[in-house]
Amino acid sequence: MPDIEQYYGKAIELVMTFGPKLVLALFTLIFGLIIIGWLTRLSLRIMERTKVNATLRPFLASLISWLAKALLLISVASMVGIETTSFVAVIGAAGLAVGLALQGSLSNFAGGTLIMIFRPYEVGDLIEAQGQLGVVKEIQIFTTILQSLENKRIIVPNGPLANGNIINYTAEGKLRVDTVIGISYGANIDQAKAALMEMMTSNPLVLNDPAPSVNVLELGDSSVNLAVRPYCRPEHYWDVYFHCYEQGKKTLDAVGIEIPFPQRDVHIHNAS
């Protein structure tokens, strides 16, 4: 039985040596996770009170949480007796390997960080980027979610978004609606312009500043084309767009101005 007694004694010695450390490390881990959760919620409340951008809050809170958890893990490891220098080296090597394997994802993460910092667009903005047009519904760490005008869900990686061209239709708060209405060459241009101006100014969705305008755009093959250009809020763009064409036709009909259709003159010469 001497071997059993020897192993038993060594076990007791290990428990007495490392037991308190393990208990303390476990207590620190549990208590630390509770504190981190409390700090994360507190940071969200502070950001809300200080009016930090609503899009930025979840991103920053998540970043704070993960950094605090990494520091807690290193602290717990050192309490157990693991050398933190070697531990950090292992984490660094593992991070490098994962980084090389996930270059695209890291690029998207970096793009998301840049978007959060410089804010070329925010939730609710109508943007056009990477060949897509839609309203920004959510900005995540790796992707931006758009809702197209056809109510389709579009997920665009943040990396290409941050490094590409972005057209933000909402940022200025006003959009110009470009429509073209043709009138016949025999029509009175001034009368047509006045009628179309009245049509736009009577629409409550059309802004007074900048003022709408009607100008001769070009002399087409069959018509004098007028550029009808009102301004409106971004959310009213399509309402004003369709209103201009429909009411434009009705307005010109009411004042007796013809909207021509393509036609061709044929001249016959008698060879005899």
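Residues numbered from 1 in each chain as written. Predicted model: local features only at pLDDT ≥ 70, side-chain atom pairs only at ≥ 80, totals over all residues. Heavy atoms only, no water.

Scanning the model with the defined rule gives 8 aromatic pairs in all. Geometrically, the ring pair formed by phenylalanine 27 and phenylalanine 31 is stacked, given 5.9 Å between the ring centres and 5° between the ring planes. Of this pair, phenylalanine 27 and phenylalanine 31 are both found in helix α1 (residues 2-49), 4 residues apart, which corresponds to roughly one turn of the helix. We classify phenylalanine 27 as exposed; its relative accessible area is 53%. Judged by relative accessible area, phenylalanine 31 falls into the partly exposed class, the value being 46%. (Phe/Tyr/Trp six-rings, centres within 6.5 Å; stacked < 30°, edge-to-face > 60°. Helix = DSSP H or I, 4+ residues; strand = E, 2+ residues; numbered from the N terminus. Buried < 20%, exposed > 50% of the residue type's maximum accessible area, 1.4 Å probe, protein only.)

This brings us to the environment of leucine 207. With respect to the helices and strands, leucine 207 occurs in the loop between α6 (189-201) and β8 (213-219). Sequence separation between leucine 207 and arginine 233 is 26 residues, and the spatial gap between their C-alpha atoms is 7.8 Å. Discounting residues that sit within four places of it in the chain, leucine 207 has contacts with Lys174, Pro212, Tyr231, Cys232 and Arg233. (Contact = heavy atoms within 4.5 Å.)

We now examine a nonpolar patch on the surface. A cluster of nonpolar side chains, namely Leu24, Phe27, Phe31, Ile35, Trp38 and Leu39, defines an oily patch on the protein surface of about 590 Å² accessible area. Checked against the element boundaries, leucine 39 lands in helix α1. (Patch = residues over 30% accessible without salt bridge, like charges linked within 9 Å, V, L, I, M, F, W, Y side chains within 5 Å. Areas by Shrake-Rupley, 256 points an atom, 1.4 Å probe, with all protein chains shown as cover. Salt bridge = Lys/Arg side-chain N within 4 Å of Asp/Glu carboxyl O.)

Position of isoleucine 36 among the secondary structure elements: in helix α1. A sequence separation of 29 residues divides isoleucine 36 from serine 65, and the C-alpha atoms of the two residues are 6.4 Å apart. Excluding its chain neighbours within four sequence positions, the residues that come into contact with isoleucine 36 are Ser65, Ala68, Lys69 and Leu72.

What follows is about the sheet that holds strand β7 (residues 179-183). The 3 strands lie next to each other as β7-β9-β8, forming an open sheet whose pairing is antiparallel. Taken across any chain shown, the strands that pair with only one partner, and hence form the sheet edges, are β7 and β8. Averaged over all pairs of adjacent strands, the angle between their axes in this sheet comes to 30°, without regard to strand direction. Alignment of β7 against strand β9 (residues 224-229), held across 5 bridges, turns out to be antiparallel. Bridging across to β9, isoleucine 181 finds its partner in leucine 226. Contacting β7, β8 and β9, α6 crosses the sheet at an angle of about 135° to β8. (Pairing = 2+ DSSP bridges. Axes fitted to C-alpha atoms, helices over the stretch in contact; angles between N-to-C directions.)

In this section: the packing of α6 against helix α7 (residues 237-254). Close contact between α6 and α7 brings their axes to 10 Å; oriented N to C, the two are set at 135°. When the axes of α6 and α7 are compared, the pair comes out oblique. In terms of crossing hand, the pair formed by α6 and α7 is right-handed. Along its contact with α6, which presents Ala192, Ala195, Leu196, Met199 and Met200, the element α7 presents His243, Cys244, Gln247, Gly248, Thr251 and Leu252. Partitioned by chemical class, the residues of the contact of α6 with α7 number 7 nonpolar, 4 polar and no charged. (Parallel < 35°, antiparallel > 145°, perpendicular 65-115°, else oblique. Left-handed = near helix turned anticlockwise from the far one by under 90°. Nonpolar A, V, L, I, M, F, W, Y, C, P; charged D, E, K, R; others polar.)

Turning our eyes to something else, we now look at the nonpolar core. Core analysis: the largest hydrophobic core is formed by 18 residues, its most contacted members being Ile183, Leu196, Leu226, Val228 and Leu252. Mapped onto this core, the elements with two or more residues apiece are β7, α6, β9 and α7. Among the nonpolar cores identified, the runner-up in size contains 11 residues, and Tyr121, Ala129, Ile139 and Leu161 belong to it. (Core = buried A, V, L, I, M, F, W, Y, C linked by side-chain atoms within 4.5 Å.)

Looking now at the sheet that holds strand β5 (residues 166-168). Taken together, the 5 strands give an open sheet; going across it, the order is β4-β3-β2-β1-β5, and neighbouring strands pair in antiparallel fashion. Looking at the sheet topology across the chains shown, the edges are occupied by β4 (153-157) and β5. Within the sheet, the average angular offset between the axes of one strand and its neighbour, ignoring direction, is 40°. Across 5 bridges, strand β2 (residues 132-139) lies against strand β3 (residues 143-148) in antiparallel orientation. Bridge pairing in β3 links isoleucine 139 to threonine 144.

Residue proline 210 is reached from aspartate 209 by a cis peptide bond, and omega for that bond is 0°. Of note, glutamine 130 is a non-glycine position whose phi angle comes to about 55°, a positive value. The topology assignment puts glutamine 130 in the loop between β1 (126-129) and β2. By relative accessible area, glutamine 130 is classed as partly exposed at 41%. Backbone geometry places asparagine 151, a non-glycine residue, at a positive phi of 65°. Positionally, asparagine 151 belongs in the loop between β3 and β4.

The calculated volume of the largest pocket comes to roughly 280 Å³. Together, 14 residues line the largest pocket, and Leu126, Leu175, Pro234, Tyr237 and Trp238 are the ones closest to its centre. At the level of secondary structure, the elements contributing two or more residues to the lining of the largest pocket comprise β1, β2, β6 (175-176) and α7. (1 Å grid on protein atoms, 1.4 Å probe; cavity = no way out; pocket = protein on both sides within 12 Å on 5 of 7 lines; lining within 4 Å. Points joined across faces, edges and corners; volume = space filled by probe spheres on them.)

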